[in-house]
Amino acid sequence: MNKNKKNILNVKGDFPILNNNKLVYLDSSATSLKPRSVINAVNSYNSKYSANVHRGIYEMSEKATLEYEKARKLIADFINAKEDEVVFVRNATEAINLIAYVWGEEKIRKGDNILTSIMEHHSNFIPWQELAKRKKAKFKVVDIKNGELDLKDFKKKFNSKTKLVAITHVSNVLGIINPIKKIIRLAHKKKALVLVDGAQAIPHLKVDIKDLDCDFYAFSGHKMLGPTGIGALWAKKEILNGMKPFLFGGSMIEKVTLETSTFNHAPEKFEAGTPDISGAIGLGEAVKYLSKIGMDKVELYEQEIRNYAYAKLSKIQGLTIYGPKNINKKCGVFAFNIKGIHPHDLATILDEEKVAVRAGHHCAMPLHTRLHQIASIRASFYIYNDKDDVDKLVKALKKAIKVFKNESL
């Protein structure tokens, strides 16, 4: 391998699935691979101290509780938050639905506005669409312009009746890094709250909750090297304290009588039942892994891969990349199509070349409708990818073009 193609983070060896494997994995926006340390942390819980948390006073249970709560602290520190502001959930989808069904049901009234964007993942679109229907509120969608959020349209659709802005930090299709801080400032000036879907941002960017000053931030563990089935909701303490529980049962209660029940404080009151203990521990280990590298280094490395991929992909005849014209405004996510080739057919040929990409609407059907496309190919890069992976993707794409060109003759 040429020196200029060497992975400067040198982490490929940490991912067992890539060892002695010709796989070029370019579907990290859907789910990331897991480093050995995360796998070992999950296995250690399951094989050495697989007890429930917050219940037993025996050694194994106390160890489980300690590691579970240690993970919460690691995650809180990672985003510059307080531990009691971090609620464990299954994923960003559950976090957003929690807010919609608890905060939204209480705070949204008839005639209020909920503002989101056309680029949202369905998880940050449908819950608000449905809430607006239930509450007879108005559901407004901000358009895009040149692959970016149209801020003029945002200001046009935002008014004194807007109670919530639900916006993605980074688009899982366009790759655009939205001007979140500016959006939050504009919303707060008119007393609206802001929920940020951070699922695609937190694996790639340094997220500082205090600096952003949003009201809610949701993310999934499996997109940031952690296990599936675990994620986190961050919310301002005063908001969490004012919210009712979402689910009822064990762990979240303070006192239960025949007549009534009282509930724990946040975050426990939102974590009914036995949690995903191994998942939380695994996510904590993923955060440790990323912190050890340093998110500044992660971001700089991914910028290098992004720039290299853009230079290579943009030279392929008939290939259209969706997203901002200014590549510095996006992460290493490339959604594209090649003229005359259906995305699913293209993905099949790439798979034959051991290149794993996503084909479809990527849970963003309104955006694809806006782009006048039924589907697209998405190649998403992460810390374990290098320039060789880009070259193999380009080689496979050129082979696919040749195959379909010959078939059309």
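For the structure itself, look to the data block above.
First, a word on scope: everything that follows refers to the structure included in this document. (Residues numbered from 1 in each chain as written. Predicted model: local features only at pLDDT ≥ 70, side-chain atom pairs only at ≥ 80, totals over all residues. Heavy atoms only, no water.)

**Let's talk about the environment of Ile341**
The residue Ile341 is located in the loop between β14 (333–338) and α11 (343–352) in this model. For the pair formed by Ile341 and Lys405, sequence separation is 64 residues and the distance between their alpha carbons is 9.5 Å. Residue contacts for Ile341: discarding those within four places in its chain leaves Leu346, Ala400, Ile401 and Phe404. (Helix = DSSP H or I, 4+ residues; strand = E, 2+ residues; numbered from the N terminus. Contact = heavy atoms within 4.5 Å.)

**Some words on the packing of helix α1 (residues 36–48) against helix α9 (residues 277–293)**
Between α1 and α9, the least distance of the axes is 8 Å, while the angle of their chain directions is 150°. Here α1 is positioned roughly antiparallel relative to α9, judged by the angle of their axes. The two elements α1 and α9 meet at a crossing, and its hand is right-handed. Residues Ser37, Val38, Ala41, Val42, Tyr45 and Asn46 of α1 lie in contact with α9, whose contacting residues are Ile277, Ser278, Ile281, Gly282, Glu285, Ala286 and Tyr289. Here the residues of the contact of α1 with α9 are counted per class, giving eight nonpolar, four polar and one charged. (Axes fitted to C-alpha atoms, helices over the stretch in contact; angles between N-to-C directions. Parallel < 35°, antiparallel > 145°, perpendicular 65-115°, else oblique. Left-handed = near helix turned anticlockwise from the far one by under 90°. Nonpolar A, V, L, I, M, F, W, Y, C, P; charged D, E, K, R; others polar.)

**Section: the pairing of strand β11 (residues 253–256)**
Two elements, β11 and strand β12 (residues 261–263), share three bridges in a ladder whose sense is antiparallel. In the strand pairing of β12, Ile253 is matched with Phe263. A loop of four residues connects β11 with β12, the two strands running antiparallel in sequence. (Pairing = 2+ DSSP bridges.)

**Quick notes on the packing of aromatic side chains**
For any pair of aromatic rings, geometry is given as the distance between the ring centres together with the angle between the planes. Using the criterion set out here, one finds 13 aromatic pairs in the structure. Residues Phe154 and Phe158 carry aromatic rings whose centres are separated by 5.7 Å and whose planes lie at 35° to one another, so their mutual orientation is tilted. Taking relative accessible area as the criterion, Phe158 reaches 7% and is therefore assigned buried. Pairwise contacts between aromatic rings join Phe15, Tyr25, Tyr289, Tyr382 and Tyr384 into one cluster. (Phe/Tyr/Trp six-rings, centres within 6.5 Å; stacked < 30°, edge-to-face > 60°. Buried < 20%, exposed > 50% of the residue type's maximum accessible area, 1.4 Å probe, protein only.)

**Quick word on the pattern of salt bridges**
Summed over all chains, the structure comprises 24 salt bridges. Residues Glu67 and Lys63 are paired through a salt bridge, measuring 3.3 Å at the closest nitrogen-oxygen approach. Here Glu67 and its partner Lys63 are both found in helix α2 (residues 59–78), four residues apart, which amounts to about one turn of the helix. A relative accessible area of 14% means that Glu67 is categorised as buried. Asp153 is the salt-bridge partner of Lys157, the closest N and O atoms lying 3.0 Å from each other. A residue pair is termed a helical-turn pair when its members lie 3 or 4 positions apart in one helix, as Lys157 and Asp153 do in helix α5 (residues 151–157) at four residues. Given a relative accessible area of 24%, Lys157 falls into the partly exposed group. (Salt bridge = Lys/Arg side-chain N within 4 Å of Asp/Glu carboxyl O.)

**Considering the sheet that holds strand β10 (residues 231–235)**
One open sheet holds the seven strands; their spatial order is β2-β10-β9-β8-β7-β3-β4, and the pairing between them is mixed. Every other strand in the sheet has two partners, leaving β2 (86–89) and β4 (138–142) as the edge strands with one partner each. Strand-to-strand, the axes of this sheet are offset by a mean angle of 20°, without reference to chain direction. The pairing of strand β7 (residues 162–168) with strand β8 (residues 193–197) spans five bridges and is classified as parallel.

**Quick look at the packing of α2 against α9**
Across the interface, α2 lies against α9 with an axial gap of 8 Å and an inter-helix angle of 40°. In terms of orientation, α2 and α9 fall into the oblique class. Where α2 crosses over α9, the two elements pack in a sense that is left-handed. In contact with Glu67, Tyr68, Ala71, Leu74, Ile75 and Phe78 of α2, α9 contributes Ile277, Ala280, Ile281, Leu283, Gly284, Val287, Lys288, Leu290 and Ser291.

**Comments concerning the pairing of β8**
β8 sits mainly inside the fold: five of its five residues count as buried. Judged by which residues are buried, β8 turns out to be covered on both faces: Leu193, Leu195 and Asp197 on one side and Val194 and Val196 on the other are all buried. Regarding the hand of the β-α-β motif, the stretch spanning β7, helix α6 (residues 180–189) and β8 is right-handed. Taken together, the three bridges between β8 and strand β9 (residues 216–220) define a ladder with parallel strand orientation. Bridge pairing in β9 places Asp197 opposite Ala218. (Right-handed = clockwise from strand over helix to strand, strands pointing away.)

**Thoughts on unusual backbone geometry**
At the junction of Ala266 and Pro267, the peptide bond is cis and its omega measures out at 5° in the coordinates. Structurally, Pro267 is set in the loop between β12 and α9. Non-glycine residue Asp213 carries a positive phi angle of around 65°. Examined against the element boundaries, Asp213 turns out to sit in the loop between α7 (209–212) and β9. One non-glycine residue, His372, lies in the positive phi region at around 60°. By the element assignment, His372 lies in the loop between α12 (365–370) and β17 (376–380). Using a relative accessible area of 70% as the deciding quantity, one classes His372 as exposed.

**Things to note about the sheet that holds strand β16 (residues 358–360)**
Read across the open sheet, the four strands follow the order β13-β14-β17-β16; overall the sheet is antiparallel. Both edges of this open sheet fall to β13 (319–322) and β16, since each of them pairs with a single strand only. Neighbouring strand axes in the sheet, compared pairwise and without regard to direction, differ in orientation by 30° on average. As paired strands, β14 and β17 are joined by four bridges and run antiparallel to one another. Residue Phe334 lies in a different strand from β17, and its bridge partner there is Ala379. Docked against the sheet, helix α10 (residues 295–313) engages β13 and β14, running at close to 10° with respect to β14.

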